[in-house]
Structures are given as structure tokens and as C-alpha cells.
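Coordinate inspection notes
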Amino acid sequence: MSSTPPDSAAEPIIEVDSLVRHFGKQTVLNGVSFKVYAGDTFVIMGGSGCGKSTLLRHLIGTEKPTSGSIKVFGQEITTMRADAMQKLRGRYGMLFQSGALLQSLTVAENVALPLVEHTRLDAGLIDTVVKMKLEQVGLTGHGHKKPSEISGGMKKRAALARALALDPPLVFSDEPTAGLDPIMTAVVDELTQRLTQKIGATVVVVTHDMNSVFRIGTRIIMLGTGANQGRVIASGTPDEIRGHPDPAVQQFINGDPQGDGGDGSGELLYRETLLGLNETGLYSRSAIHSSQS
Ligand SMILES: Nc1ncnc2c1ncn2[C@@H]1O[C@H](COP(=O)(O)OP(=O)(O)OP(=O)(O)O)[C@@H](O)[C@H]1O
Ligand SMILES: [Mg+2]
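Remember, it's a predicted structure, so these values are computed and weren't measured experimentally.

Structural notes on the packing of aromatic side chains
Scanning the entire structure with this criterion turns up two aromatic pairs. Ring geometry for Phe-34 against Phe-42: centres 4.9 Å apart, planes inclined by 25°, an arrangement best described as stacked. Judged on exposure class, the residue Phe-34 and its partner Phe-42 are both buried.

See the structure below:
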């Protein structure tokens, strides 16, 4: 689980350079640069609204920047055509909030989606892979259920099985443990780490949860808010972040992690809607249709 030191000669898996994103007059990402190396569990943290999910959507290619460059596996994705981007996503595992399981499909059909979309495996083989993935996350016997019939922790594990269905070399995850209690959070973190290490995946994860940050992170960046909106205000190993001199970093680590003083519910609703829509859009209608047949 060691992360490759950034001074090594290895090519980064992801290289973001001077990324800027405006929404109307609002500058949400403001000159973001970082590199992610093979084997990293790269954590993006920061207060509510600082641009974490927006940054992740740029890495997945569902958003295009105002300016700047994003290279994934050495390929510039900001100018990539939609069909090439869709193909590249076959190498991505994607894990979002619970709302992102498609409610009209069973748990097994959800896990089958990436296989239907990105492989030519026949139905029997897909079934075998789905069973194996469900077993790895402890959901044997639950494949026939709808997402509404299983618990929050089980939904997260089903989403993990789906994210890892293709044994992806690169996994993106936005608040994978949002809404779980501390024990279930630790369970899902541990399972995610074990399974991603098993397939040798590099992981990029957005989280608010400080326990998760330091439990799983090998390298961490923090985005700022207010005058530092959308800028990287800290970057380093877990120890470097723990010892960071910036009071905003210390306050975030030790206190009010929402950083917004509010209950965050309006933002949460907005975010879930946005992510839900975006993730649903990641699978084609034909994949959704065939996984049901
Ligand atoms: N499609 C969009 N159109 C307009 N504004 C947007 C859009 N997407 C995000 N924003 C704005 O960008 C800012 C950053 O949003 P984002 O969801 O990336 O924050 P976040 O860091 O993920 O917050 P949270 O921790 O609450 O999930 C917010 O002010 C949000 O309103
Ligand atoms: Mg977010």
C-alpha cells in the first residue's frame, strides 16, 4: 500500500495541471495541480462547497474545465471525444453516494452494468463474475433484491462490487461512506482497501470523514474555501497534513469539518441530485436494458 514517492521517475497515473473551472461568475476550481501515482489512495478533502465533487467529475470526464490540463494514463482527457472517454471509463471503477445505485434494477443487475457496458462477456459469464463480486463484499444471496430492500451499509457494499466489477486499475470514489455510522464506515473503508489492493488499483477518494482520511490516505490534498476557493491549500503525506502549519488545515482536521456552519442539508440534496444524475448518465440505456433481460 505504499505510495510511489512523487520524485520517482514513474509516470503519474493522473496529472492535473492548472485546472480552472468557472460556473457563470463563480470560480469553483482555481489553478488546481497535482499528480497521482500508482498504488496511491489519493484523498481530496476540504469544506463543503470547496469543489471536491466538481474536481472528481472533471477526472471522470463528465465535466470539462474552463482551462488547464488533465492527463489520465498519459492521455489528455479535456479534449477527448465522448466515445474515447467512454472507452477510457472501462478502466475506471466509480463509487458514489448510495443514491447512485439504479433503483429500478436489482443488486445483481447493478453490479452487472459495467460488464454489460464494457465487455462482450455472455450472460452466463457475467452471472459468474457478479456472484463472485457479491461474495467478496459479503452480499451472497442478496443479488435478487432491489436497492430499496437492503440497508445503507449493504448499498455501499453493492456499489463497491459494481465499482470493482471490471477489476479496474483506477477507482474514483465520492464520499463512499457518507451517512454510515463510524463502525460501518470502518468496515467499508477496510473492505475497499482490501479489494482495491487485491486488484492493484490506484484510488482517488473524496471524503469529509477525518477518520477515513488518515485510515486510508497515502497522499492527501486539501482544497480551500472563501478567499482560497478551489485552490490546493495543502498537499502531502498523512503526517505532513497532520503537522501542516496552515490554521485552516488544522481547523479542518480538528474541528468543524463541514466548514460551513450550517447543517449542510440543502447542499447534500443538491449534491446527491447532481451526482445521481451524472452517474446514471455514465451507463448507456442499452446497458441498463440488457442487464435487465
Ligand atoms: N453544475 C453546476 N452548476 C453551477 N454550480 C455548480 C455546479 N456544480 C457545482 N457547482 C458549485 O460549485 C461549488 C462546489 O461544489 P461541489 O459539489 O464540487 O462541492 P464539494 O466540495 O463537493 O461540497 P460537499 O462537501 O458539500 O459535497 C458549489 O458552490 C456548487 O454550488
Ligand atoms: Mg461533494
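Looking at the side chain of Arg-21
Within the element layout of this structure, Arg-21 appears in strand E1 (residues 14-23). A polar contact of 3.5 Å, which involves the side chain of Arg-21, links it to the side chain of His-58. When sequence neighbours within four positions are dropped, the list of residues in contact with Arg-21 reads Gln-26, Thr-27, Val-28, Leu-29, Thr-54, His-58, Glu-63, Lys-64, Pro-65 and Thr-66.

Some remarks on the sheet that holds strand E5 (residues 75-76)
A sheet is described by the order of its strands in space; here four strands give the open sequence E2-E1-E4-E5, paired in antiparallel fashion. At either margin of the open sheet sits one strand with a lone partner, and together these are strand E2 (26-36) and E5. Both strand E4 (residues 67-72) and E5 contribute to a ladder of two bridges, which runs antiparallel. Bridging from a neighbouring strand, Val-72 pairs with Gln-75 of E5.

Description of the sheet that holds strand E3 (residues 41-45)
The pairing of strands in a sheet comes from backbone hydrogen bonds and takes either a parallel or an antiparallel form. Pairing is mixed across the open sheet formed by six strands, whose spatial order is E6-E7-E8-E3-E9-E10. The two strands at the open ends of the sheet, each matched to only one other strand, are strand E6 (92-95) and strand E10 (232-236). This sheet shows a mean twist of 15° between the axes of neighbouring strands, independent of strand direction. Pairing geometry for E3 and strand E8 (residues 202-206), over four bridges, is parallel. Across the sheet, the residue bridging to Phe-42 is Val-204, located in E8. Along the sheet, helix H1 (residues 52-60) contacts E3, E6, strand E7 (170-174), E8 and strand E9 (219-223); its crossing angle with E7, the most-contacted strand, is approximately 155°.

Some points on helix H9 (residues 247-254)
Considered for burial, the residues of H9 that qualify are Val-249, Phe-252 and Ile-253. Across the axial projection of H9, the buried residues extend over an arc of 95°, all falling on one side. For H9, exposure combined with an orientation more than 90 degrees from the buried face picks out Pro-247, Gln-251 and Asn-254. Where the residues of H9 are buried, they touch E3, helix H7 (210-216), E9, E10 and helix H8 (238-242). Two or three places before Ala-248, at the opening of H9, Asp-246 has a side-chain oxygen 2.8 Å from that residue's backbone nitrogen.

Each value, and the rule that gives it
Residues numbered from 1 in each chain as written. Chains lettered and ligands numbered in written order. Predicted model: local features only at pLDDT ≥ 70, side-chain atom pairs only at ≥ 80, totals over all residues. Heavy atoms only, no water. Phe/Tyr/Trp six-rings, centres within 6.5 Å; stacked < 30°, edge-to-face > 60°. Buried < 20%, exposed > 50% of the residue type's maximum accessible area, 1.4 Å probe, protein only. Helix = DSSP H or I, 4+ residues; strand = E, 2+ residues; numbered from the N terminus. Polar contact = N/O pair within 3.5 Å; in protein donor to acceptor, adjacent residues only side chain to side chain. Contact = heavy atoms within 4.5 Å. Pairing = 2+ DSSP bridges. Axes fitted to C-alpha atoms, helices over the stretch in contact; angles between N-to-C directions. Arc of directions from axis to C-beta.

The values reported here are purely geometric and, on their own, carry no functional implication.
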